[in-house]
Amino acid sequence: NIIYMLGVFDESTFSTSGAKVLVVVSSAVQMKMMTSKFRLADISWDVKLAANADEALKALIAARWHYDVIMINENSSFNDGLLGYDLVKLIRSHADMTTCVIIACTSNPADKEEDLRGAGVDDIWSKPAPDPAVMKAKIDKLLLIKMRKYALEIQQQQLAVSYTHLTLPTNREV
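Everything in this summary refers to the structure shown in the same document. (Residues numbered from 1 in each chain as written. Predicted model: local features only at pLDDT ≥ 70, side-chain atom pairs only at ≥ 80, totals over all residues. Heavy atoms only, no water.)

## A short note on helix 3 (residues 53–62)
Part 1 of the reasoning: Taken together, the buried positions of helix 3 are occupied by Ala 53, Ala 56, Ala 59 and Leu 60. Down the axis of helix 3, the smallest arc covering the buried residues is 125°, so these residues share one side. Opposite the buried face of helix 3, at more than 90 degrees from it, the exposed residues are Lys 58, Ile 61 and Ala 62.
Part 2 of the reasoning: Structurally, helix 3 contributes buried residues whose contacts are with strand 1 (20–24), strand 2 (46–50), strand 3 (69–73) and helix 4 (84–92).
Part 3 of the reasoning: At the N-terminal end of helix 3, a side-chain oxygen is found 3.0 Å from the backbone nitrogen of Asp 54, two or three residues along, and the residue is Asn 52. (Buried < 20%, exposed > 50% of the residue type's maximum accessible area, 1.4 Å probe, protein only. Helix = DSSP H or I, 4+ residues; strand = E, 2+ residues; numbered from the N terminus. Arc of directions from axis to C-beta. Contact = heavy atoms within 4.5 Å. Polar contact = N/O pair within 3.5 Å; in protein donor to acceptor, adjacent residues only side chain to side chain.)

## Focus on the pattern of salt bridges
Part 1 of the reasoning: Applying the stated rule across the entire model yields seven salt bridges.
Part 2 of the reasoning: Of the charged contacts in the structure, one is a salt bridge between Arg 92 and Asp 122, with a shortest N-O distance of 2.5 Å. Placement of the pair is Arg 92 in helix 4 and Asp 122 in the loop between helix 5 (109–119) and strand 5 (123–126), with a sequence separation of 30 residues.
Part 3 of the reasoning: Where salt bridges share partners, they join Asp 42, Lys 136 and Asp 140 into one cluster. (Salt bridge = Lys/Arg side-chain N within 4 Å of Asp/Glu carboxyl O.)

## Examining the sheet that holds strand 1
Part 1 of the reasoning: One open sheet holds the five strands; their spatial order is 2-1-3-4-5, and the pairing between them is parallel. Of all the strands in the sheet, the pair left with one neighbour each is strand 2 and strand 5. Across the sheet, the axes of successive neighbouring strands diverge by a mean angle of 20°, strand direction being ignored.
Part 2 of the reasoning: As paired strands, strand 1 and strand 2 are joined by five bridges and run parallel to one another. Paired with Val 21 across the two strands is Val 47, which belongs to strand 2.
Part 3 of the reasoning: Strands in contact with helix 2 (residues 28–41) are strand 1, strand 2 and strand 3; relative to strand 2, the strand with the most contacts, it is inclined by about 165°.
Part 4 of the reasoning: Along the sheet, helix 4 makes contact with strand 1, strand 3 and strand 4 (101–106), crossing strand 3 at roughly 155°. (Pairing = 2+ DSSP bridges. Axes fitted to C-alpha atoms, helices over the stretch in contact; angles between N-to-C directions.)

Structure, rendered in structure tokens:
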């Protein structure tokens, strides 16, 4: 995914080209529509589909949890009994999914916002999903925010490691 392609984060060269996208919707019609919109948004995006939470989790495991964007139809009650926000909680519980952008698509954004944000959703889209150009702009912005946050976390970790290697002078050395 994008986070692993970056190596050292350089905002001036950041691009979402080649982003891995997982679309989780239970309706065949919605699958076709969302796939089309994502591919029109950016032809380089690698778009995969899952019809339920079980398929989504299998896709994530097969990809070693390396997805950049996951779009979940929140209103779906998947055959396996999970709701959209339940799936988001499962995904967010995995350590490798902190940099992934998760978008919920719902017909009732105001009614669901608290539950969805609490589960770990980064953005909530009203149905129908926005046109491809708007999708692209929103996803580019969300991924850039995630990359900035990730780069800051890495810098903080590196500083913490370098501080642990510092030794303070002992009384004898002073």
